[in-house]
Amino acid sequence: MDIQEKIKAIEKQIEAALQEIKSSKSLLELKMRFLGKTGEISALMKNMRDVPPEQRPNMGKILNALRQWTEEKFDNLEKSLKQLELKKRYAEEKIDVTVPGHRLPGGAFHPNTLIKNELVSVFAGMGFEIFEGPEIENDYYNFTALNTPADHPARDMQDTFYLTENLLLRTQTSAGQIRVMENKKPPIKILSPGVVYRSDDDATHSPMFSQMEGLVVDKGITLCDLKGMLDEFAKKIFGENVKTRLRPSYFPFTEPSVEVDVSCFECGGKGCRLCKGTGWIEILGAGMVNRRVLEGCGVDPDEYTGFAFGMGIERIAMLKYGINNMKLLFEGDVRFLKQFKD
Ligand code: PHE
């Protein structure tokens, strides 16, 4: 075949092949086939060695023209393919800013947390500081130092989970009272929220629950101060119209001891289902710190007096939100929890 024919054939081949090309990737492959180092046009160039010298300049021209022609063809197609591909990409990646976004369901505070935060903010407003003690306590802090030595019948008031002879899961945040008094001189005004444990389980009791303890020790503190502070607290938590009353009770670490009721915030004291017809709802235990407890912590009971109070956070949450089964507060059921979203 003479060279002109060969060139014609190659040109035809290239034109036909270019027709088929749909992407710049396959274009590149084709380009290598003709223009690459081992490509067909390069092979022709290499053959120049066999061409008689007098024909070489002419042959060189012809081959260069072919190469240029081929390069142009490829470049042109490459440009238009690239443009097409870019257009396609833009179309695919187009963002419609008017499409409504996916809303992620937001979380909400657990009712216990809501109540705890509310209590903390009320008491913080009265100048209480927060103290958090350990959940695993030893017998001394949980009982003995709280005037409840071994064999004291009051130990039966709380069914205790013992870990060892001496270590237990604290049954009351009152244990924190001792830790604070051992480490701080009066005046003391602390609030101690935390989880406590008792072997107790029914609709209104759970083996794990939360308490909030308060302790005030200073010169001249009386039961009247306790009553005044609780009045204020009850109004802030349950509403301006509620009243409080103290009923005599017993705790080994307070003397006198009281149970504190608020007038029913549901019926205003007339009697309803919430207050079981009595007009009053019990909310916490309290009392004047027993002198023996003060003495045990190195606080002189002739110089200082104090009051303490402790309440169950779940109980307050159940009262405030009308929850009838304490289990709801521990199951983590989203259908229940999402009702507390503001
Ligand atoms: N610790 C008592 C309880 O768990 C509550 C309480 C605290 C009573 C402080 C008096 C003073 O039942």
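Residues numbered from 1 in each chain as written. Predicted model: local features only at pLDDT ≥ 70, side-chain atom pairs only at ≥ 80, totals over all residues. Heavy atoms only, no water.

Undergrad: Would you mind going over the pairing of strand E9 (residues 305-312) with me for this structure?
TA: Among the eight residues of E9, seven are classified as buried, and the element is accordingly described as predominantly covered. The sheet contact formed by strand E5 (residues 208-218) and E9 spans eight bridges and is antiparallel. Counterpart to Met 212 in the pairing with E9 is Met 311. Taken together, the four bridges between strand E8 (residues 280-289) and E9 define a ladder with antiparallel strand orientation. Of the residues in E9, the one forming a bridge with Gly 285 is Gly 310. (Buried < 20%, exposed > 50% of the residue type's maximum accessible area, 1.4 Å probe, protein only. Helix = DSSP H or I, 4+ residues; strand = E, 2+ residues; numbered from the N terminus. Pairing = 2+ DSSP bridges.)

Undergrad: I would appreciate a short explanation of the domain arrangement of the protein in the present structure.
TA: Partitioning the protein into structural domains gives domain 1 (3-92) and domain 2 (111-340). Between the C-alpha centres of domain 1 and domain 2 there is a distance of 90 Å. (Domains from an automatic or database assignment.)

Undergrad: Sorry, what's going on with the layout of surface pockets here?
TA: A probe matching the size of a water molecule, rolled over the atoms, marks out where space remains unfilled. A volume near 1400 Å³ is recorded for the largest pocket. What lines the largest pocket is a set of 45 residues, and nearest its centre among them are Thr 204, His 205, Glu 282, Ile 283 and Arg 315. Residue assignment for the lining of the largest pocket shows that the elements contributing at least two residues are E5, strand E6 (244-251), strand E7 (254-263), E8, E9 and helix H10 (313-321). Top contributing element to the lining of the largest pocket by residue count: E8, with eight residues. Here the second largest pocket defines a volume of roughly 160 Å³. Lining the second largest pocket are Asn 112, Thr 113, Lys 116, Glu 132, Gly 133, Arg 170, Pro 193, Gly 194, Val 195, Ser 210 and Ile 313. Counting only elements with at least two residues in the lining of the second largest pocket, the list comes to helix H5 (111-125) and strand E4 (188-197). (1 Å grid on protein atoms, 1.4 Å probe; cavity = no way out; pocket = protein on both sides within 12 Å on 5 of 7 lines; lining within 4 Å. Points joined across faces, edges and corners; volume = space filled by probe spheres on them.)

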